[in-house]
Amino acid sequence: MFKKILIANRGEIACRVIKTARRMGIQTVAVYSDADARAPFVQMADEAVHIGPAPAAQSYLIADKIIQACKQTGAEAVHPGYGFLSERTSFAEALAAEGIEFIGPPVGAIAAMGDKIESKKLAKQAGVNVVPGFVGEIEDTEHAVRISNEIGYPVMMKASAGGGGKGMRLAYDEKDVREGFESVKREGLNSFGDDRVFIEKFILNPRHIEIQILGDKHGNILYLNERECSIQRRHQKVVEEAPSPFVTEKMRKAMGEQCVALSRAVGYYSAGTVELIVSGADPTGESFYFLEMNTRLQVEHPVTEAITGVDLVEQMIRVAAGEKLEMTQADVKIDGWAIENRVYAEDPYRGFLPSTGRLVRYQPPVDGWTDDGSENGRRGVDGVRVDDGVYEGGEVSMFYDPMIAKLITWGETRDEAADKQVAALDQFEIEGLGHNIDFVSAIMQHPRFRSGELTTGFIAEEYPEGFTGAPASEELKGKLAAVAAFVATARADRARRVDGQLAPHRLSPPSEWTVTIDKAPYEVVIADEDVTVNGVAVELAMEYTPGDRLIEAEIDGEAIGIRVVPTRTGLKMTTRGCIHDVQILPSRVASLSKHMIEKIPPDLSKYLICPMPGLLVALHVGEGDKVEAGQPLAVVEAMKMENILRAEKSGVVKAVNAKAGESLAVDAVILEME
């Protein structure tokens, strides 16, 4: 077994590998950029080596710096995590040339599966179902049209070397092919240096299901069941679960055996994932097709660990060290259900714009996952596990992936795992930047999610106008009203006790409150131990001290977590996937509020406002220029993505307040219109 390994990655996956290596008695080496100097993974590792500036292209993506760090520290092997160099054949070859073990699959398997065209040919030869399509060289647009007509519409045109949703076009007819083929070629060339394109049948009601593979260097290969990853946004996974609510035992066996056959055909060992596209429109479950193989550990690996009890990182290390798998296919089980939500630094209320900045407050529902080596330990604390690599006071950098944490829950049933997600998300405290906690909580509660009727179009179909918060029932609003009135009573009681106030009389705090939620008033009376909402008695058990940010209450026997922020006239209350602006007034005062003059918000349409923290890459207009509605005015880059800002209305530019190359804060005014 290795004595020391280096982790060629950062963030939560670096922490994950370090924890397991520590349990195995293996020393660890972290490599870090300028941006990660104070990151938790750097503190956790036994040794840490600085490898360059913040941009990944100048640090984490330079193989020579990783190899030099290995030589400097005496690391015998490298775990690449996912992303960065994890699927680069040149990196694995360079390590081998230096006698350093790569904790991953053989170079030949990485190369074979890294090319979408070649991998489909190999899959077909291995007896794996492949989507009907054309995987040879496509000469030109006319050739693409002929192929598409033969396959039958709709078809998907994809760049051979593509990934992350780039280089893809859906065509419903010949016109779409003629318009999109050259565009796909250009995107493939510009993004990946490869303009080859393949065309395949587009599967209706597609579900994204993947099979976890694990093999050793002695020819043993197993499948560790499936994960469902159908809930995606812009081809990026948001929710993952294991097992899939769609897959039957017969499907699982057929999928697993085909994926093992493919792995065996390329001499695979270590952990890997075969991604399949499955037709949800086919109730037989026989319409599943090879999509691609990821020759690395997946982000969503914890859900497989939770239901099988297998530590995938440990197995990868043992396999790299030459050990045989101690389990057989018959030993692989499915125990319960696990769901993972990715907590991202993005604002779903503002079109999922990236959000960078400092984590002013970061308190997960349970402490970060610790590896105690037990099956139950892989399920976290009472079925709740948090994998993270951030800390309160730290910064979510614009240079890397926007993931803050992964929340994994395990339950005996799918509903139990989803319920635990909702409860845990309610207790997740993040302040200082935008995050998607409310959005993933809304998905967990959505009737369609609970039914298991999932497709890759779920988010686009269920939230076509964007996200405004999960719907709240009247029952939930009544409970919030009771909690809000209790909070107001506690704050009023503290105010009257401040020395010198209200002397010489000791007035009692108000007991009758009017709580307005979503413009609906609720009359709440708090008298001694009794609470009523609109005349109906409520059983409320909670503790609150003014200043508390998180309230854990039990209302009519149901536990609920509510994040609260005081406002001028009440509270901002967040729970069950929605933010509620709550007005709280003593009932005698509330009756007078209708006489108050309504404040009219200022007209901001004449300003071009930066919607997120980022870099102003380009400014297309200057002072005095005429612009039309919809015209691109500026480009802001954040989280490695460029965002085009357009004019809301026609007009003339009055003043320009920023210039290209400047770093902008959220809501910074870029320019003003007359």
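That block above? That's the structure.
These numbers come from a predicted model, not from an experiment.

(A) Spotlight on the pairing of strand E10 (residues 206-215). For E10, the tally of buried residues reaches 10 of 10 residues, placing the bulk of the element in the interior. Going residue by residue along E10, you find Pro206, His208, Glu210, Gln212 and Leu214 tucked away on one face and Arg207, Ile209, Ile211, Ile213 and Gly215 tucked away on the opposite face as well. Between E10 and the antiparallel strand that follows it, strand E11 (residues 221-228), lie five residues; Gly219 among them carries a positive phi value of about 90°.

(B) A look at the packing of aromatic side chains. As enumerated under the stated definition, the model contains 10 aromatic pairs in all. Ring centres 5.9 Å apart and planes at 70° place the aromatic pair Tyr463 and Phe467 in the edge-to-face group. Per residue, the accessibility class of Tyr463 equals that of Phe467, and both read buried. An aromatic cluster of at least three residues, connected via ring pairs, comprises Tyr349, Phe352, Phe439, Tyr463 and Phe467.

(C) Representation of unusual backbone geometry in the model. Cis geometry is found at the peptide bond from Tyr153 to Pro154, where omega equals 0°. Examined against the element boundaries, Pro154 turns out to sit in the loop between helix H7 (141-151) and strand E7 (155-159). Geometrically, the link from Ala242 to Pro243 is a cis peptide bond, its omega value of -5° lying close to zero. Along the chain, the position of Pro243 falls in the loop between strand E14 (239-242) and helix H9 (249-265). A positive phi is found at Phe352, a non-glycine position, where the angle reads about 60°. Structurally, the position occupied by Phe352 is in the loop between strand E18 (346-347) and strand E19 (353-354). Phe352 sits in the buried class, given a relative accessible area of 11%.

(D) View of the environment of Phe202. Residue position: Phe202 is located in the loop between strand E9 (197-201) and E10. On the basis of relative accessible area, Phe202 is assigned to the partly exposed category, the value being 22%. The spacing of Phe202 and Thr304 is 102 residues in sequence and 28 Å in space, taken between C-alpha atoms. In this structure, Phe202 is in contact with Pro154, Val155, Met156 and Leu170, ignoring residues within four places of it in sequence.

(E) Focus on helix H8 (residues 174-192). For H8, built from 19 residues, the straight-helix expectation of 27 Å at 1.5 Å per residue is met to within 8% by its first-to-last C-alpha distance of 26 Å. The sharpest bend along H8 measures roughly 35° and falls at Gly180. Structurally, H8 contributes buried residues whose contacts are with H7, E7, strand E8 (168-171) and E9. Put simply, Asp173 is the residue that caps the front of H8, since its side-chain oxygen is 3.2 Å from the backbone nitrogen of Lys175.

(F) The nonpolar core, seen in detail. Among the nonpolar cores identified, the biggest contains 63 residues, and Ile5, Leu6, Phe41 and Phe91 are the most heavily contacted of them. Contact partners of Ile5, with chain neighbours within four places excluded, come to Val17, Ala21, Ile26, Gln27, Thr28, Val29, Ala75, Ala77, Ile103 and Ile317. Within the second largest apolar cluster, 39 residues are counted, among which are Val239, Ile404, Leu433 and Phe439.

(G) Spotlight on the state of the cysteines. Scanning the model with the defined rule gives zero disulfides in all. Take Cys70: it sits in no disulfide, and the sulfur closest to it among the cysteines is that of Cys15, at 19 Å. With no disulfide of its own, Cys229 lies closest to Cys259 among cysteine sulfurs, the gap being 13 Å. Overall, Cys229 belongs to the buried group, its relative accessible area being 0%.

(H) Main features of the environment of Glu137. The topology assignment puts Glu137 in the loop between strand E6 (133-134) and H7. Sequence separation between Glu137 and Arg196 is 59 residues; the distance between their C-alpha atoms is 7.1 Å. Excluding its chain neighbours within four sequence positions, the residues that come into contact with Glu137 are His143 and Arg196.

Procedures and definitions
- Residues numbered from 1 in each chain as written.
- Predicted model: local features only at pLDDT ≥ 70, side-chain atom pairs only at ≥ 80, totals over all residues.
- Heavy atoms only, no water.
- Buried < 20%, exposed > 50% of the residue type's maximum accessible area, 1.4 Å probe, protein only.
- Helix = DSSP H or I, 4+ residues; strand = E, 2+ residues; numbered from the N terminus.
- Pairing = 2+ DSSP bridges.
- Phe/Tyr/Trp six-rings, centres within 6.5 Å; stacked < 30°, edge-to-face > 60°.
- Contact = heavy atoms within 4.5 Å.
- Expected span 1.5 Å × (residues − 1).
- Bend = angle between axes of the 7 residues up to and from the residue.
- Polar contact = N/O pair within 3.5 Å; in protein donor to acceptor, adjacent residues only side chain to side chain.
- Core = buried A, V, L, I, M, F, W, Y, C linked by side-chain atoms within 4.5 Å.
- Disulfide = S-S within 2.5 Å.

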